[in-house]
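Listed below are the residues making up each chain.
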Amino acid sequence: MENLIALLIAAPLLGAAVLLCGGRRLDRVGHWLGTLLAAASFVIGVVLFGDMLGKSGEGRSLHQHLFSWIPVEGFQADVAFQLDQLSMTFVLLITGVGTLIHIYSIGYMEHDERRRRFFGYLNLFLAAMLLLVLADNYLLLYMGWEGVGLASYLLIGFWQHKPSAATAAKKAFLVNRVGDMGLSIAIMLMFTTFGTFAFGPVLSSTGDATEGKLTAIGLMLLLAACGKSAQVPLQSWLGDAMEGPTPVSALIHAATMVTAGVYLITRSGAIFNAAPDAQLVVVVVGAVTLLFGAIVGCAKDDIKKALAGSTMSQIGYMILAAGLGPIGYVFAIMHLVTHGFFKAGLFLGAGSVMHGMNDEVDMRKYGGLRKYMPVTFVTFGLGYLAIIGFPGLSGFFSKDKIIEAAFAKGGTEGWILGAVTLLGAAITAFYMTRVMLLTFFGEKRWQPDDNGHEPHPHESPKSMTIPMVILAFGSVFAGGFFSIGDRFLHWLEPVTGHSHGNPPVSATTVTTATVVVLVIGVAIAWFMYGRKPVPVAAPRGSLLTRAARRDLLQDDFNHVVLVRGGEHLTRSLVYVDHTLVDGVVNGTAASFGGLSGRLRKLQNGYARTYAVSMFGGTAVLIAATLLMRAV
Amino acid sequence: MNPVNYLYLASLLFTIGAAGVLIRRNAIVVFMCIELMLNACNLAFVAFSRMHGNLDGQIIAFFTMVVAAAEVVVGLAIIVSLFRSRHSASVDDASLMKL
Amino acid sequence: MSLLAASSLASVTSVSSFTSAPSFTSAATTTSTGEAVQFWILGTVAVVGALCTILMKKAVHSALCLAATMIVLAVFYLANGAYFLGVVQIVVYTGAIMMLFLFVVMLVGVTAADSLKETLKGQRWWAAACGLGFGVLLIGGIGNASLTSFTGLGQANAGGNVEGLAALIFTRYVFAFEITGALLITASVGAMLLTHRERTERAKTQREMAEERVRKGTQLPPLPAPGVYARHNAVDIAGLLPDGTPSELTVNKTLKDRGQIRDVSNEAIADLKALEQRSSERLGREDEEAKR
């Protein structure tokens, strides 16, 4: 059975190779081939899942050693895969959502002449992401990590004729490089500390390493997670990444790739468990990003950017939960899965809206679309209810668990974290309600575009709505399915471990509080956007709103601190290089040259001059001898 | 008189010879000055031999003479061949090594 | 020279008489007065000879002065009980080596190198400074050493100086002796090698040389002999051409380079004039001239 694992990756990889190398003759069937191979991967995943369900306990973890990659004495890197419950969860999410989005893209990208290439990139992404979650060592994981980075870059910049898309792709790539650097440093540290980087040996021997080293490794891993999962301070690329096609935003920048950081931290749980300081930093990063993303999401009028802020915020939840340690790992992954469903659904819904609105993204120019796009409205609405945590839907269960876990952290920390997560839940309810109201309710506000084309909102084709419907099902039922009888907890516990912590307040209280803040958030949004007509032009807004529209000045901060600082640093380094280094080098050379020029005059070629120096030297020797005698 | 005076004389002759090496340009005269220095050394050896009461100093002086003879033969041959090729016996003219 | 030799012999006898005094063990502190007198006189000669060696303009003079110094040193060797070395010094050094020097001097001839004018900047000052410093240090060093008494060679030379040396050379220093022998052989071979000129082409026959000379045509007949038409026919006197001017071709090139040509042309012309006058007087041509 374990021999199937490689096939999981091989199928989309084959698709990518064929589609990218095949040329134009595949234009007709390219999208079908890509979708078929993604579906094949999903089917294999399901088969493996069924097999896994049939086993119990330790036997559930499968291992496949494909070949020895870098066999050097003392440095053994294998291409080997490990399929346990955690990986399985990801495999199903990636291939499942991935397949749905492939299907959706068939319709969405119908008029794009480079559709074959698009599917090739999507398949490449699937292969890399599967490699990431199936690798049994950090080096192979790193390969997958870079692979998804590459796919992300290619897909964000897919419409590279738009300068904004090209810039966004470059930005995403550069910011991700910072995180990748963290991961590579972490791997090097692991190798020096443990002598290996395979999951098994590293994670089982954390007791051998000092806490300082583990903290360093943990912080580097966190840096990597921040880069890939768009957490503060490496969050700036995600908003711009929405320049890519919407299916890409749904698959890569909402459901799967951006959750790689959560996977990394959960997978490396043993390291973080042994390094409380690193864990604390993880929690802080998660909490800050949670609020950061939520605030940004409140102010954006671009529907995709609002959803991107939401994504950032929701991943902040997951990172926070993962930072809580064994209390939170399971819930982080659970929220990850449910978020995968409803956020993918929301993005696909947004894509569907844009599809019907001539690619207009400004929500202030939507309004009243529920009558024109009923399916989109219903599926988007279900996703909306799920994300705000409406009782009974997916988001309710998973988010509620995270808030409980935050309180269960105990002490002042627990209270602060609980309050932050509750506040985040309220803001989530606010901005999602805002999105919902602006898009589907109120009167229609759309206007003819610059070319005089009046948009004709219409429902999207079947290939787009069917995936949305399926995802909506997931958004509704996944949370409940997972939570009833703690199914997900029991499923994942053997891998991640679990502890209940010591909650200072009962679960019922937390749930009640969650519902209360939810209602408050929705109410505020309704007061602001539901009661009265929404102006088409955005009002100036408060200072915070204006800052949030500019992503809370993240780019300005980066520009001032990093870009300009880097420029200054470079300039000063160049100055130092020119004056000090070159001065020393040239000065040394010049002084040697000058000295040689003077010494050369001593070498005049006349034997008698040399004789004088010999004679003088002898005299000096005699003088020295006599002097030594005298002393 | 003390035989030490011979040593004084020897060092005086040696110094004069050395100065000659430094200031003369004719290779033959330079060679003569070297011979003078060798002779001064021989005188010192002979004087030491007497002062110490054994003949080893004289033996050394004897060997010095032999070596000097060999050196003169080769040195003069070099001077002759140098003169043949450069038509000059000046040591300053043989300064091809300078820049 | 004979006077010097006589005095040295006297000093030798005095030394040997002193050193053969009954008590060998007791170290002496002074030599005989005769030796002291000889030292001061001959020492002065030696220093003057050495100075002349380095100061004389001509290499031949330098060589002669050096020979004088060496002979003085030979006398000093004898005075110091080194009879064998003294004789060797005269025979080998003064006799053989210095003659070799003279041969080379004659072979090389006179060159511009003989000039005492210094061409290297500061060389003379450096040489003076080094020499002065060196000498002062050396003499000061010797003066510093406490060499007040000496053993003398009485005991060592008891069985004869030559026998004593022979005993040492053929026992303790036998290897050094053999090696210096090898060195001498090597040196002589080396000298032959250095001065040997390989003939790269066949020697020209007399016929070929004559043909070549005719073909060149610059100086077909033999060069004129020196002294032609001049009053003397010494080699350093240029022959006179019919108009009374001297011809450079008639004298040896070396003499010309040395500037040792005696020009007698003015003298000859004056003489010729006087001769004509005298003959005209005698022949009574004055009247004829007056008539003309």
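The rules we used
Residues numbered from 1 in each chain as written. Chains lettered and ligands numbered in written order. Predicted model: local features only at pLDDT ≥ 70, side-chain atom pairs only at ≥ 80, totals over all residues. Heavy atoms only, no water. UniProt positions renumbered as here; feature names shortened; annotations may be inferred. Helix = DSSP H or I, 4+ residues; strand = E, 2+ residues; numbered from the N terminus. Buried < 20%, exposed > 50% of the residue type's maximum accessible area, 1.4 Å probe, protein only. Salt bridge = Lys/Arg side-chain N within 4 Å of Asp/Glu carboxyl O. Pairing = 2+ DSSP bridges. Axes fitted to C-alpha atoms, helices over the stretch in contact; angles between N-to-C directions. Parallel < 35°, antiparallel > 145°, perpendicular 65-115°, else oblique. Left-handed = near helix turned anticlockwise from the far one by under 90°. Contact = heavy atoms within 4.5 Å. Nonpolar A, V, L, I, M, F, W, Y, C, P; charged D, E, K, R; others polar. Core = buried A, V, L, I, M, F, W, Y, C linked by side-chain atoms within 4.5 Å. Buried area = accessible area lost by both parts, 1.4 Å probe. Polar contact = N/O pair within 3.5 Å; in protein donor to acceptor, adjacent residues only side chain to side chain. Patch = residues over 30% accessible without salt bridge, like charges linked within 9 Å, V, L, I, M, F, W, Y side chains within 5 Å. Areas by Shrake-Rupley, 256 points an atom, 1.4 Å probe, with all protein chains shown as cover. Lys, Arg positive; Asp, Glu negative; His and termini not counted. Charge placed at Lys NZ, Arg CZ, Asp CG, Glu CD.

### Observations concerning the UniProt feature "transmembrane region" (unreviewed entry) in chain B
Residues given the UniProt feature "transmembrane region" (unreviewed entry) here are residues 6-23, 28-48 and 60-83 of chain B. Split by type, residues 28-48 of chain B is 100% helix and 0% strand. Its first and last C-alpha atoms lie 30 Å apart.

### Some remarks on the environment of A:Ala350
Residues and elements named next belong to chain A. Structurally, Ala350 can be placed in helix H15 (residues 329-356). Here Ala350 falls in the buried class, since its relative accessible area comes to 0%. Along the chain, Ala350 and Pro247 lie 103 residues apart, while their C-alpha atoms are 9.8 Å from each other.

### Overview of the pattern of salt bridges
Oppositely charged side chains can pair when the atoms bearing their charge come close. If you walk through the whole model with that rule in mind, you get 17 salt bridges over all chains. Overlapping salt bridges, with partners in common, bring together A:Glu146, A:Arg177 and A:Asp180 in one network.

### So, the pairing of strand E2 (residues 75-83) of chain A
Residues and elements named next belong to chain A. Here nine bridges tie strand E1 (residues 62-72) to E2, and the two strands are oriented antiparallel to one another. The partner of Phe67 across the bridge, within E2, is Val79. Between E1 and the antiparallel strand that follows it, E2, lie two residues; Gly74 among them carries a positive phi value of about 80 degrees.

### Let's talk about the packing of helix H3 (residues 85-108) of chain A against helix H19 (residues 462-483) of chain A
Residue and element names in this part refer to chain A. Look at H3 against H19: their axes get within 7 Å of each other, and the N-to-C directions meet at 155 degrees. Between H3 and H19, the crossing angle belongs to the class labelled roughly antiparallel. Here the hand of the crossing between H3 and H19 comes out left-handed. Contact with H3, carried on its side by Val97, Leu100, Ile103, Tyr104, Ile106, Gly107 and Tyr108, involves Ser463, Met464, Pro467, Met468, Ile470 and Leu471 of H19 and no other residues of that element. Of the residues in the contact of H3 with H19, the class split is eleven nonpolar, two polar and no charged.

### Description of the nonpolar core
Formed by 187 residues in total, the largest nonpolar core has its most connected members in A:Leu134, A:Tyr138, A:Leu221 and A:Trp237. The dominant element in this core, judged by the number of residues it contributes, is H15(A), at 16 residues. Listed in part, the 90 residues of the second largest apolar core include B:Leu36, B:Leu76, B:Val80 and C:Ala36.

### Focus: the environment of A:Phe90
All names here are of chain A. Here Phe90 is to be found in helix H3. For Phe90, a relative accessible area of 2% gives the class buried. Sequence spacing of Phe90 and Tyr263 is 173 residues, and the spatial spacing of their C-alpha atoms is 8.6 Å.

### With respect to the side chain of A:Lys300
All names here are of chain A. The residue Lys300 is located in the loop between helix H13 (276-299) and helix H14 (303-323) in this model. For Lys300, a relative accessible area of 8% puts it in the buried group. Apart from residues no more than four positions distant in its own chain, Lys300 is found in contact with Lys305, Ala306, Met363, Arg434, Ala548, Arg549 and Asp551.

### A word on unusual backbone geometry
Residues and elements named next belong to chain A. Looking along the chain, the bond that leaves Val232 and enters Pro233 is cis, with omega of 10 degrees. Position of Pro233 relative to the elements: it lies in the loop between helix H8 (211-229) and helix H9 (236-240). Of note, the phi angle at Ala230 is positive, near 55 degrees, even though the residue is not glycine. Its place among the elements puts Ala230 in the loop between H8 and H9. On the basis of relative accessible area, Ala230 is assigned to the buried category, the value being 0%.

### Some thoughts on the interface of chain B and chain A
The interface of chain B with chain A comprises twelve residues on the first partner and nine residues on the second. With both sides pooled, the region where chain B packs onto chain A buries about 970 Å², and carbon together with sulfur makes up 66% of that total. Along the contact surface separating chain B from chain A lie one salt bridge. The salt bridge involving A:Arg608 is made with B:Asp92; its shortest N-O contact spans 2.7 Å. Put simply, chain B and chain A have three residue pairs in polar contact (both at pLDDT 80 or more) between them.

### Notes on a positive patch on the surface
On the surface, A:Arg598, A:Arg600, A:Lys601 and C:Lys121 cluster together to form a positively charged patch. In this fold, A:Lys601 is placed in helix H23 (residues 554-602). We classify A:Lys601 as exposed; its relative accessible area is 67%.

### Concerning the interface of chain C and chain B
How big an interface is tends to be reported as the loss of accessible area on association of its parts. The interface of chain C with chain B comprises 89 residues on the first partner and 67 residues on the second. Note on chain C versus chain B: buried area summed over both sides is about 7,100 Å², and carbon and sulfur give 74% of it. Three residues stand out in chain C for area buried against chain B, namely C:Ile54, C:Asn80 and C:Phe101, and they jointly supply 9% of the buried area on that side. Counting the contacts that link chain C with chain B gives two salt bridges. Between C:Arg172 and B:Asp56 there is a salt bridge, and its shortest N-O distance comes to 2.5 Å. Inspection of the region where chain C meets chain B yields 15 residue pairs in polar contact (both at pLDDT 80 or more). If you list the elements that add at least two residues to the side of chain C that touches chain B, you get helix H2 (33-55), helix H3 (59-79), helix H4 (83-108), helix H5 (123-144), helix H6 (161-169) and helix H7 (174-195) of chain C.

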